[in-house]
Amino acid sequence: MAILDETRMTMSEAGAFIKRDALTLRRWVSKGIRGIKLEAVKVGKSLVTSREAVTRFIAATNTTHV
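It should be emphasised that the depicted structure is a prediction, and the values quoted were computed from it without experimental measurement.

Asks: Could you give an account of helix 3 (residues 51–62), naming the residues involved and the relevant values?
Replies: Compared with the 16 Å implied by 1.5 Å per residue over twelve residues, the 17 Å span of helix 3 between its first and last C-alpha is a close match. Those residues of helix 3 not exposed but buried are Ala-53, Val-54, Phe-57 and Thr-61. Seen end-on, helix 3 carries its buried residues on one side only, within an arc spanning 100°. Buried residues along helix 3 sit in contact with helix 1 (11–18), helix 2 (22–30) and strand 3 (46–50).

Now the structure itself:
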């Protein structure tokens, strides 16, 4: 998916959307959780993600592997 074609959000906006600190989201972008990273792109000096990317990330990290 192309983040720039989706509903863009700054890390602060995305953090407020899911009630997490923006630094937590930045960590998810750089290190991920269980090998899954939050999609984000640099726009100028800002790191942005999208509402849809956050939703995909949450869904992917919440799936139970048996």
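Asks: Account for helix 2, with residues named and values stated.
Replies: Every buried residue of helix 2 is listed here: Thr-24, Leu-25, Trp-28 and Val-29. Down the axis of helix 2, the sector holding all buried residues measures 145°, keeping them to one side. Against the buried residues of helix 2 lie helix 1, strand 3 and helix 3. Residue Asp-21 occupies the N-cap position of helix 2, its side-chain oxygen lying 2.8 Å from the main-chain nitrogen of Leu-23.

Asks: Any details on the pattern of salt bridges? Residues and values, ideally.
Replies: According to the stated counting rule, one finds two salt bridges in the structure shown. When the shortest N-O distance is used, the salt bridge between Arg-56 and Glu-6 registers 3.0 Å. On the criterion of sequence distance, the pair formed by Arg-56 in helix 3 and Glu-6 in the segment before strand 1 (8–10) is long-range, its members being 50 residues apart. Judged by relative accessible area, which is 27%, Arg-56 ranks as partly exposed. For Glu-6, a relative accessible area of 16% corresponds to the buried category. Its salt-bridge partner being Glu-39, residue Arg-56 comes within 3.0 Å of it at the nearest N-O pair. Pair noted here: Arg-56 is in helix 3 and Glu-39 is in the loop between helix 2 and strand 2 (41–43), with a separation of 17 residues, a long-range link. Taking the relative accessible area as the measure of exposure, Glu-39 reaches 28% and is therefore partly exposed. Within this structure, Glu-6, Glu-39 and Arg-56 form a network of salt bridges that share partners.

Thresholds, definitions, all that
Residues numbered from 1 in each chain as written. Predicted model: local features only at pLDDT ≥ 70, side-chain atom pairs only at ≥ 80, totals over all residues. Heavy atoms only, no water. Helix = DSSP H or I, 4+ residues; strand = E, 2+ residues; numbered from the N terminus. Expected span 1.5 Å × (residues − 1). Buried < 20%, exposed > 50% of the residue type's maximum accessible area, 1.4 Å probe, protein only. Arc of directions from axis to C-beta. Contact = heavy atoms within 4.5 Å. Polar contact = N/O pair within 3.5 Å; in protein donor to acceptor, adjacent residues only side chain to side chain. Salt bridge = Lys/Arg side-chain N within 4 Å of Asp/Glu carboxyl O.

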